[in-house]
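Chain by chain, the residues:
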Amino acid sequence: MKIAVIGTGYVGLVAGTCFAESGHDVTCIDVDLKKIEALKRGQIPIYEPGLEELVHRNIAARRLHFTDDLNAAVGPSQVVFIAVGTPEGETGRADLQYVLNAAEQVGRALRHYTVIVDKSTVPVGTADRVSAAVARNTQYEFDVVSNPEFLKEGAALEDFLKPDRVVIGTNSERARKIMGELYAPFVRTENPILFMDPRSAELTKYAANAMLATRISFMNDIAALCERVGADAEMVRKGMGSDKRIGYSFLYPGIGYGGSCFPKDVKALMATARDVGLEFDLLRAVENTNARQKRCLLTKALKHYGDVSNRTFGVWGLAFKPKTDDMREAPSVELIEGLLGKGARVQCHDPVATEVAQRYFGDRVLYAPTCYDAAEGVDGLFLVTEWNEFRHPDMKRLKALMKSPVIFDGRNVFDPRRARDEGFTYFGIGRGQ
Ligand code: UDX
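Note that the structure is a prediction, hence the values are computed from the model and not measured.

J.: In this structure, what is going on with the UniProt feature "domain: UDP-glucose/GDP-mannose dehydrogenase C-terminal" (unreviewed entry) in the chain? I would like to understand it.
T.: When the UniProt feature table is mapped onto this chain numbering, "domain: UDP-glucose/GDP-mannose dehydrogenase C-terminal" (unreviewed entry) sits at residues 314-416. End-to-end, the C-alpha atoms of residues 314-416 are 19 Å apart, and along that stretch the chain is 31% helix and 17% strand.

Given below as structure tokens:
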């Protein structure tokens with residue numbers, strides 16, 4: 001099939017590359033000419049394990065192309081994906097200007113019956129609005145399908161190539177057949193395509209992300225309780241997760257969820273509910289807990305030191321989670337800004353996010369080449385992102401480097417007893433202090 005993908009962000013680039021990998025002829029489109037030129041040379045703008053290699057392979061096989069000419073790419077395509085950004089707009093609502101603008105351009109570019117797919121995370125009812133925007137600009141037949149993406153940064157290829165499920169929202173039999181064919185290589189009996197109406201598909205994406213955010217905030221509240229009653233949230237997590245109805249994933253207490261999706265999608269779902277006269281109180285609480293949790297390491301530090309001014313702190317990890325350089329809504333930003341605001345000095349290390357971090361902090365922090373350099377001479381060390389390389393440090397070396405051996409473990413990576421036995425003052429999340 002000939003496919004066009006509009007938007008070469010995370011979702012668009014991964015989807016386009018994976019469809020090319022399964023043998024289709026894919027053209028990815030972006031308005032950013034610089035990005036397109038770089039992509040043509042095989043340089044990808046994000047850090048995502050395995051993606052660059054797959055892009056190279058498919059460019060070489062002439063199945064993957066990049067252009068800024070939407071008209072030329074959309075015209076001959078049978079399926080057109082809209083994968084442009086839906087940033088947070090007014091009062092938490094998703095800003096649809098890029099999606100609707102793309103839809104109008106697609107309308108003008110159509111040359112025959114085409115399936116137009118909303119891949120971006122869009123609020124309920126967007127398929128109808130996209131449909132109207134296309135219809136205003138074309139005489140050709142088309143169907144608009146909602147096909148939300150569930151991929152996680154850092155595991156995007158795996159998630160796309162072996163999805164838990166593929167959600168396809170359409171009322172058209174013709175579109176259903178084409179979409180079924182397109183996704184056939186990626187699905188199995190136990191990982192099926194779920195066909196549904198467009199509105200249910202649109203809502204599924206928000207409901208899934210909001211549910212995951214809720215689990216995290218729930219655990220963070222349990223962790224706060226553990227700290228006050230002398231229980232260990234890690235044991236409670238295991239005890240709960242072993243119940244098949246609950247399961248182990250997304251129950252890790254930490255320093256709050258970040259990234260480009262959860263914060264924005266929780267807000268957007270609340271706005272959707274408000275628009276139809278519902279107040280989603282549960283999600284308001286999820287947000288409040290998350291805001292508190294993002295401040296929790298700073299709160300612990302202020303309690304421990306009293307005053308942090310003129311003290312130096314090490315920070316391990318800047319990305320909002322491992323295996324990405326994405327710092328959008330990262331808890332590291334709030335922590336570091338908080339420390340700097342209180343007059344402390346910060347020396348940080350992240351395996352891949354240093355360049356991105358410079359956009360946030362400029363020369364207000366020190367960027368250490370290794371995690372041990374970040375710990376040198378510090379009054380305390382914050383573990384913010386659970387990169388594997390931070391999991392088993394040489395504790396003796398670490399202690400010798402630090403001015404005072406205090407660890408604030410924002411991801412419960414270390415064993416508190418071992419850390420204390422090694423002579424550290426240890427603070428975790430929900431670990432019974
Ligand atoms: C998320 C969804 O998982 C994905 O399906 C959707 O398409 C986009 O949004 P992503 O933003 O890449 O993906 O990150 P994810 O791995 O889900 O983590 C989100 C945040 O939750 C991170 O800040 C992470 O540190 C935090 N988290 C996750 C916890 O604090 N505890 C957990 O148990 C799990």
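J.: What am I meant to see in the domain arrangement of the chain here?
T.: Interface extent is often summarised as the accessible area lost during association of the parts. The domains assigned to the chain are domain 1 (2-195), domain 2 (206-292) and domain 3 (295-427). Computed over C-alpha atoms only, the centres of domain 1 and domain 2 are separated by 30 Å.

J.: So what exactly am I meant to see when it comes to the environment of Pro 163 here?
T.: Position of Pro 163 among the secondary structure elements: in the loop between helix H7 (156-161) and strand E7 (166-169). The class for Pro 163 is partly exposed, based on 19 C-beta atoms found within 10 Å. Discounting chain neighbours no more than four positions away, the residues touching Pro 163 are Phe 150, Phe 186 and Asn 191.

J.: Teacher, can you tell me more about the sheet that holds strand E10 (residues 345-349) here?
T.: Adjacent strands of a sheet pair through backbone hydrogen bonds, lying either parallel or antiparallel. Taking strand neighbours across the sheet as the criterion, the six strands line up as E11-E10-E9-E12-E13-E14 in an open arrangement whose pairing is parallel. Each edge of the open sheet is held by one strand with a lone partner, namely strand E11 (366-367) and strand E14 (425-427). The pairing of strand E12 (residues 380-383) with strand E13 (residues 406-409) spans three bridges and is parallel. Its bridge partner being in E13, Phe 382 is matched across the sheet by Phe 408. Sheet strands touched by helix H13 (residues 296-305): E12, E13 and E14. Its angle to E13, the strand with the most contacts, is close to 155°.

J.: Can you walk me through helix H14 (residues 331-341) in this structure?
T.: Working note: α-helix, 3.6 residues per turn, so residues spaced by three or four point in the same direction. Of all the positions in H14, only Pro 331, Ser 332, Leu 335, Ile 336 and Leu 339 are classed as buried. For H14, the arc enclosing every buried residue in end-on projection is 120°, short of the 170-degree limit, so these residues lie on one face. Those residues of H14 that are buried lie in contact with helix H12 (281-294), H13, strand E9 (312-316), E10, helix H15 (354-361) and E12. Immediately beyond the C-terminal end of H14, within one or two residues, lies Gly 343, with a positive phi of roughly 85°.

J.: Help me out: how do you make sense of helix H8 (residues 173-183) in this one?
T.: Within the sequence span of H8, burial applies to Ala 175, Ile 178, Met 179 and Leu 182. All buried residues of H8 project into a common sector of 95° when viewed along the axis, lining one side. Opposite the packed face of H8, turned more than 90 degrees from it, sit the exposed residues Glu 173, Lys 177 and Glu 181. Buried positions along H8 lie against strand E4 (79-82), strand E5 (114-118), strand E6 (142-146) and E7.

J.: Just to check I follow, could you spell out the nonpolar core for this structure?
T.: Generally speaking, a soluble globular protein has its nonpolar side chains buried in company with each other. One finds Val 5, Ile 6, Ile 82 and Ile 116 to be the most contacted residues of the largest nonpolar core, which totals 78 residues. The element that contributes the greatest number of residues to this core is helix H9 (residues 198-229), accounting for nine residues. For this core, the domains that each give at least three residues are domain 1 (2-195) and domain 2 (206-292). Setting aside residues up to four positions removed in sequence, Val 5 forms contacts with Gly 12, Ala 15, Gly 16, Val 26, Cys 28, Ile 29, Phe 81 and Ala 83.

J.: Looking at this model, I keep getting lost on the environment of Val 266. Mind explaining?
T.: Mapping Val 266 onto the fold places it in helix H11 (residues 262-275). A C-alpha to C-alpha distance of 8.6 Å links Val 266 and Val 286, two positions 20 residues apart in sequence.

J.: Sorry if this is basic, but what is going on with the pairing of E9 here?
T.: Look at any regular strand and the pattern is simple: side chains alternate between the two faces of the sheet. Taken across its five residues, E9 has four buried, putting it largely inside the fold. As paired elements, E9 and E10 share five bridges and run parallel to each other. Bridging across to E10, Phe 313 finds its partner in Val 346.

J.: It is not clear to me how the pairing of E4 should be interpreted in this structure. Could you clarify?
T.: Covered by surrounding structure in E4 are Val 79 and Phe 81 together with Val 80 and Ile 82, the residues of both alternating faces. As judged from the four bridges shared by strand E1 (residues 2-6) and E4, these two strands associate in the parallel manner. Bridge pairing links Ile 3 to Val 79 in E4. Pairing analysis gives four bridges linking E4 to E5, with the strands arranged parallel. Bridged to Ile 82 within E5 is Asp 118. For the segment spanning E4, helix H5 (residues 97-109) and E5, crossover handedness is right-handed.

Thresholds, definitions, all that
- Residues numbered from 1 in each chain as written.
- Predicted model: local features only at pLDDT ≥ 70, side-chain atom pairs only at ≥ 80, totals over all residues.
- UniProt positions renumbered as here; feature names shortened; annotations may be inferred.
- Helix = DSSP H or I, 4+ residues; strand = E, 2+ residues; numbered from the N terminus.
- Domains from an automatic or database assignment.
- Buried ≥ 20, exposed ≤ 12 C-beta atoms within 10 Å, placed from the backbone.
- Contact = placed C-beta atoms within 7 Å.
- Pairing = 2+ DSSP bridges.
- Axes fitted to C-alpha atoms, helices over the stretch in contact; angles between N-to-C directions.
- Arc of directions from axis to C-beta.
- Core = buried A, V, L, I, M, F, W, Y, C linked by C-beta atoms within 7 Å.
- Right-handed = clockwise from strand over helix to strand, strands pointing away.

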